[in-house]
Structure formats: structure tokens, C-alpha cells
Amino acid sequence: MSTSSSRKGQPTVLLCIGMAGSGKTTFMQRLNAHLHSKKRPPYVINLDPAVLKLPFTPNIDIRDTVNYKEVMKQYNLGPNGGILTSLNLFTTKFDQVLDFVNKRAPTLDHIIVDTPGQIEIFTWSASGAIITDALAATYPSVVAYIIDTPRTTSPATFMSNMLYACSILYKTKLPFILVFNKTDVVSHEFAVQWMTDFEAFQLALQKDTSYMSNLMNSMCMVLEEFYNNLKVVGVSAVTGEGIDEFFVAVDEAVKEYEEIY
Ligand code: GDP
Ligand code: MG
């Protein structure tokens, strides 16, 4: 483990991870706009080779290096294989990306990273792990796990999303912020209640499903431990609501990172 002092004054990496359609790219746009107007402009990295149009201008864009449609043709792959292979090809050059970032680091406070639409392409690939580790070895790094709040209101869906988040926490071992997005559509209050009141969640689960209820009960206990290890914020990437709170959570998460590393 290296000393935290070597990282003091280094920019913070914010890795945006989440299920397809949870709002990672829109949240990136919001972070970018917020940092431009209120703090220092961030360094922006896009790792999604398949995105058609980005609502922000990245400093590094995987699409400049690999054309995922060409990769699909060349290697005879479907869309997911094409995206994964593109990420693998890009990762072989990630040392060059780090060189660019390192040069700019003294003038930066934040490095924000968008990941491919489908979560598992980043979270369950060697490339995702290599990129995450490479960044986290140099810079204080935080996972912003974006959740589609309106689509997570059923207790069973909520639990599977939390279990997935939990698996990413243990895989990345990085400070973790649960970002309940789209609060302009549905408030995340129900989630906060479920996360703080174990019995309320159990009751909701029982009403929702009688199937595998013992297993469900055991899993909620696992999650209780998980909840103790993270920060929760509700945001709307569209309206900007909650973004100040998000940055408060980032500051706390960075302190945690400095204690760990
Ligand atoms: P990604 O696949 O995780 O990158 O998700 P996108 O950023 O592409 O967003 C998916 C969809 O959710 C788009 O239609 C967005 O306009 C919408 N969206 C994202 N954030 C919000 C939000 O805060 N509120 C609402 N109402 N819609 C959002
Ligand atoms: Mg996206």
C-alpha cells in the first residue's frame, strides 16, 4: 500500500457505472456542466464505443480509437461481442491514455469516466478491471453507481439491483456512492427507508412475493452490512437536483479512500 500523501492534491476519478438506461451518460453531462460552472472543468473520458451521440465533449473518446461496427464485421461478432472486443482493444493502449491524463493532472480536480451502456461489459471484463485498477492506483477513485429510481420501486428489483451493486463494491474495493437518479420522476425516499429500516423492507418484500422468502430474508441481512459501507444520494441528472449533495458524498468518499490506500 502506498502512502496517501503521494495522492494529496491529485484529481479524483469518478467512475460512472450502472445498468443500461440508468442515466450514466446524462449524469456525466450534468457533472460536466456543474464542474464547468461551479468548480474546475473536469477531464472527461468516454469508454462507451457504441454511443451514437454524447451530450458532452470528451477529452478521450474510445470511439476515436476503435470503430465497434468495424470490429463486429472484422471479428464476426454481435453487438455485445463487438463492444467488449472494442474495449479490450482500447485497454491495450490504456497506458497512453494514462500518459495524457498524468500530463493534465496538475490542473485538474476531477476525472469523470462514462462506461458502456450494458453494465457487465465493464464490470465483468478483464478490461474493465484493468482500467479501474490503473486509474485507482494513481488517483483517488470513487464509484458512482447510478440507479434508475423509477424502475427500482419493486422490492424484488430493488434487492437485485442492490446485490449487483454489492458485488461491484467487493470487486472494485473502491469507495462507493449509490446515486438514485431520476428523482424528478420518483423520489428516492422509499429506498432510503428500505435501507435504514430492515423490517420495513422485509414487510414490503413479503407483500411483493412469497417466493423464496427465506432466501430473500437472508439476503436482506447481507445487504444491511453492505449499506453500512456506502453513501446514498438522490439526484436528477436532468434537472440537476441533488448534485451538490453528490459532491459532498464525493469528498467524504475521497477521505475514505485516503484512509484505505
Ligand atoms: P445510460 O445508458 O446509463 O448512459 O443512460 P442515458 O444517460 O443514456 O439515459 C437513459 C434515458 O434516461 C434517457 O432517455 C435519458 O433522457 C433518461 N434520463 C437520464 N437521467 C434522467 C433523469 O434524471 N430524469 C429523467 N426523467 N430521465 C433521465
Ligand atoms: Mg451511456
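The preceding data block contains the structure.
Caption draft 1: Examining helix H10 (residues 198-208) more closely. Taken together, the buried positions of H10 are Ala200, Phe201, Gln202, Ala204 and Leu205. If you check the start of H10, you find a side-chain oxygen 3.2 Å away from the backbone N of Glu199, and it comes from Asp197.

Caption draft 2: Region of interest: helix H9 (residues 189-196). Looking only at H9, the buried set comprises Phe190, Ala191, Trp194 and Met195. What you see down the axis of H9 is that its buried residues fit within an arc of 130 degrees, all on one side. Among the exposed residues of H9, those pointing more than 90 degrees away from its buried face are Glu189 and Thr196.

Caption draft 3: Broad picture of the pairing of strand S1 (residues 12-18). The buried fraction of S1 amounts to 7 of the 7 residues, a majority that puts the element mostly inside the structure. Burial along S1 is two-sided: the face carrying Thr12, Leu14, Cys16 and Gly18 and the face carrying Val13, Leu15 and Ile17 are both buried. Sheet topology note: the S1/strand S4 (residues 110-114) ladder contains 5 bridges and is parallel. Within the sheet, the bridge partner assigned to Leu14 lies in S4 and is Ile112. Here 6 bridges tie S1 to strand S5 (residues 141-148), and the two strands are oriented parallel to one another. Within S5, the residue paired with Cys16 across the bridge is Ala144.

Caption draft 4: Molecular detail of the nonpolar core. Formed by 58 residues in total, the largest nonpolar core has its most connected members in Tyr145, Phe158, Phe176 and Leu178. At 8 residues, the largest contribution of residues to this core is made by helix H8 (residues 155-172). Ignoring anything within four residues of it in the chain, the contact list for Tyr145 reads Ile17, Gly18, Met19, Ile119, Asn161, Tyr164, Ala165, Ile168, Phe176, Ile177, Leu178 and Val179. If you look at the next biggest cluster of nonpolar residues, it comprises 26 residues, including Met28, Val44, Ala144 and Ile243.

Caption draft 5: Region of the structure containing the environment of Leu163. By the element assignment, Leu163 lies in helix H8. In this structure Leu163 comes out as partly exposed when scored by relative accessible area, which is 26%. The spacing of Leu163 and Cys220 is 57 residues in sequence and 9.3 Å in space, taken between C-alpha atoms. Sequence-distant contacts of Leu163, defined by excluding residues within four places in its chain, comprise Met219 and Leu223.

Caption draft 6: Examining the environment of Asn80 more closely. Tracing the backbone through its elements, the reader meets Asn80 in helix H4 (residues 79-91). Assessed through its relative accessible area of 46%, Asn80 is described here as partly exposed. Expressed as a C-alpha distance, the spacing of Asn80 and Gly21, which sit 59 residues apart in the sequence, is 16 Å. Apart from the residues within four sequence positions on either side, Asn80 is in contact with Gln118 and Ile121.

Caption draft 7: Local environment of the site of ligand 1. Close to ligand 1 lie 14 residues; Lys24, Thr25, Thr26, Asp184 and Ala237 are nearest. A distance of 3.4 Å is found between an oxygen atom of ligand 1 and a backbone nitrogen or oxygen belonging to Ser22. Residue Lys182 places a side-chain N or O atom 2.9 Å away from an oxygen atom belonging to ligand 1. Summarising the interface, the protein chains cover 68% of the accessible area of ligand 1, which totals 570 Å² for the free molecule. Here the element with the most residues in the shell around ligand 1 is helix H1 (residues 24-38); it accounts for 3 residues. Residue composition of the shell around ligand 1, grouped by class: 4 nonpolar, 7 polar and 3 charged.

Caption draft 8: Summary view of the packing of H9 against H10. In contact at an axis separation of 5 Å, H9 and H10 are set at 110 degrees when each is read in the N-to-C sense. Between H9 and H10, the interaxial angle falls into the category roughly perpendicular. Seen from H9, the contacting residues are Gln193, Trp194 and Thr196; seen from H10, they are Phe198, Ala200, Phe201 and Ala204.

Cut-offs applied
- Residues numbered from 1 in each chain as written.
- Chains lettered and ligands numbered in written order.
- Predicted model: local features only at pLDDT ≥ 70, side-chain atom pairs only at ≥ 80, totals over all residues.
- Heavy atoms only, no water.
- Buried < 20%, exposed > 50% of the residue type's maximum accessible area, 1.4 Å probe, protein only.
- Helix = DSSP H or I, 4+ residues; strand = E, 2+ residues; numbered from the N terminus.
- Polar contact = N/O pair within 3.5 Å; in protein donor to acceptor, adjacent residues only side chain to side chain.
- Arc of directions from axis to C-beta.
- Pairing = 2+ DSSP bridges.
- Core = buried A, V, L, I, M, F, W, Y, C linked by side-chain atoms within 4.5 Å.
- Contact = heavy atoms within 4.5 Å.
- Near = heavy atom within 4 Å.
- Areas by Shrake-Rupley, 256 points an atom, 1.4 Å probe, with all protein chains shown as cover.
- Nonpolar A, V, L, I, M, F, W, Y, C, P; charged D, E, K, R; others polar.
- Axes fitted to C-alpha atoms, helices over the stretch in contact; angles between N-to-C directions.
- Parallel < 35°, antiparallel > 145°, perpendicular 65-115°, else oblique.

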